[in-house]
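Given next are the chains, with one letter for each unit.
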Amino acid sequence: ITAWWLWGRKIWSRHFQSTHRRKSLSLSEKILWIYLLALFGYNIVPLDVTLNPFAIYQKYKAGRIILIPFGFSYSNLAEFVYAVTTDAIIWIPAGFLWVFTKGKKPLQAWLWSLAAITVIEVTQLFISSRIFDITDILTGSAGAAIGVIVCLKQPFWKGRPPEPKTRVCNQNKLTWVGLGLFFVWCFFLAAVFWYPYEVLIERKFVESQLNRFFQVPFHVYYYSGGLTAITAVFRKALFFIPLGIFLAMAARPLRKFRINSLLSLIALLCFAGAGLVIELGQALMPNKIPDSTDLLFEILGGVLGFWLTNTIFSRMAPLQTNNTGETEFHSTK
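None of the values given here were measured: they were computed from a predicted structure.

**With respect to the packing of aromatic side chains**
Then comes step 1: Counted by the stated rule, this structure contains 14 aromatic pairs.
Then comes step 2: Their ring planes at 85° and their centres at 4.9 Å tell us that F213 and F214 sit as a pair that is edge-to-face.
Then comes step 3: Residue F213 is classed as buried on the basis of its relative accessible area, which comes to 5%.
Then comes step 4: Chaining the aromatic ring pairs together yields one cluster made of W185, F188, F193, F239 and F246.
Then comes step 5: Between the NZ or CZ atom of R130 and the centre of the ring of Y42, over which it lies, the distance is 5.0 Å.

Structure representation (structure tokens):
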């Protein structure tokens, strides 16, 4: 209430004045705000809020408020790397979109991302089932910095470039780079979701695992609890978004042949194939549960990345091919 009394009216009026001048939010701005709201919502569920100082103190005594960076204990190194990596990855899009959408300077974009990370993490102090960890602020800010750098390194993605420039990129190179990144990311997904790589090939065991895969959708999610299910959905989709981005990059030069529907179908089959390999591979592992619901969200993550990347590319000038056989990408505001 005090914060709203001090700054709320000023911030609110500025937001609506800027929105009124632009008449409406751009697509990338909508994506940014939806993404930030999704992160905030994910981090405050299941909404077991407490303002009781004694309860917060008990949470601290139980080791659920960690004020020392990297002070949280993990069972093994791989779990630590996975946690730190995912905490950084989820903030890469935020840093990217602050520059791309708002046209902010790198330091401003990073500070806005840091402010959002801090607000979300401080809010978790008052959520009984959540852990406040200062490490999340550090890893999140590192991810936001990566997003800012990625946007700056790709001038044809900028929403407001200082000068309209022509970027010439060999079409074969872009296609092969996209495909290469796609397969590299597939290996990364296998390394993440198949760890610790314990394989058991026995007929009865494999049959029981396959029965789990073909059971009623959302069965495992329902019995795993709300917070665990939401986390699984978020991470499964998030890890497959880069696959869509890389395939959209690979398909970009091929769109001049007017085969957009075919490219979209091929991309969908690639997402389904990658997810199916991951899930069926887990059917051979005693400590994994293959699930068709996971496959669904993995495909949706790939489709989302593919659609978002194509939407960004569609805001650019149409492809033009010069006399040297190279594809020209023209930046537009």
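Moving on from the model shown.
**A look at the environment of F246**
Then comes step 1: For F246, the location among the structural elements is in helix α11 (residues 226–251).
Then comes step 2: By relative accessible area, F246 is classed as buried at 14%.
Then comes step 3: Through-space distance from the C-alpha of F246 to that of T309 is 8.7 Å; in sequence the pair is 63 residues apart.
Then comes step 4: Once you skip the residues sitting within four places of it in the chain, F246 turns out to touch G178, L181, F182 and W185.

**Considering the nonpolar core**
Then comes step 1: Core analysis: the biggest nonpolar cluster contains 23 residues, and L36, L39, I90, W91, F234 and L238 have the highest contact counts within it.
Then comes step 2: For this core, the secondary-structure elements that each account for two or more residues are α2 (27–44), α5 (92–102), α6 (106–123), α7 (134–153) and α11.
Then comes step 3: For this core, the element with the most residues is α5, which contributes six residues.
Then comes step 4: W185, F193, A248 and F271 belong to the second-largest nonpolar core, a separate cluster that totals 20 residues.

Cut-offs applied
The numbering scheme is per chain: residues are counted from 1 as the chain's sequence reads. For a predicted model such as this one, the threshold for reporting local features is a pLDDT of at least 70, and the threshold for listing and counting side-chain atom pairs is 80 or more; totals across whole chains, interfaces and linings nevertheless cover every residue. Hydrogens and water molecules were not included; the side-chain quantities draw on all heavy atoms of the structure. Here is the rule: rings of Phe, Tyr and Trp (six-membered ring for Trp) pair when centre to centre is within 6.5 Å. Planes less than 30 degrees apart are stacked, more than 60 are edge-to-face, and the remainder are tilted. For the exposure calls, accessible area comes from a 1.4 Å probe over protein chains only, and a residue counts as buried if that area is under 20% of its type's maximum, exposed if over 50%, partly exposed in between. Sitting over a ring, as applied to charges here, requires NZ of Lys or CZ of Arg to be within 6 Å of the ring centre and within 35 degrees of the ring normal. Numbering of helices and strands runs from the N terminus, with a helix taken as a DSSP run of H or I at least four residues long and a strand as a DSSP run of E at least two residues long. Whether two residues touch is decided by their heavy atoms; if any such pair falls within 4.5 Å, the residues are in contact. Here, nonpolar core means buried Ala, Val, Leu, Ile, Met, Phe, Trp, Tyr and Cys residues that are tied together by side-chain atoms lying within 4.5 Å of each other.

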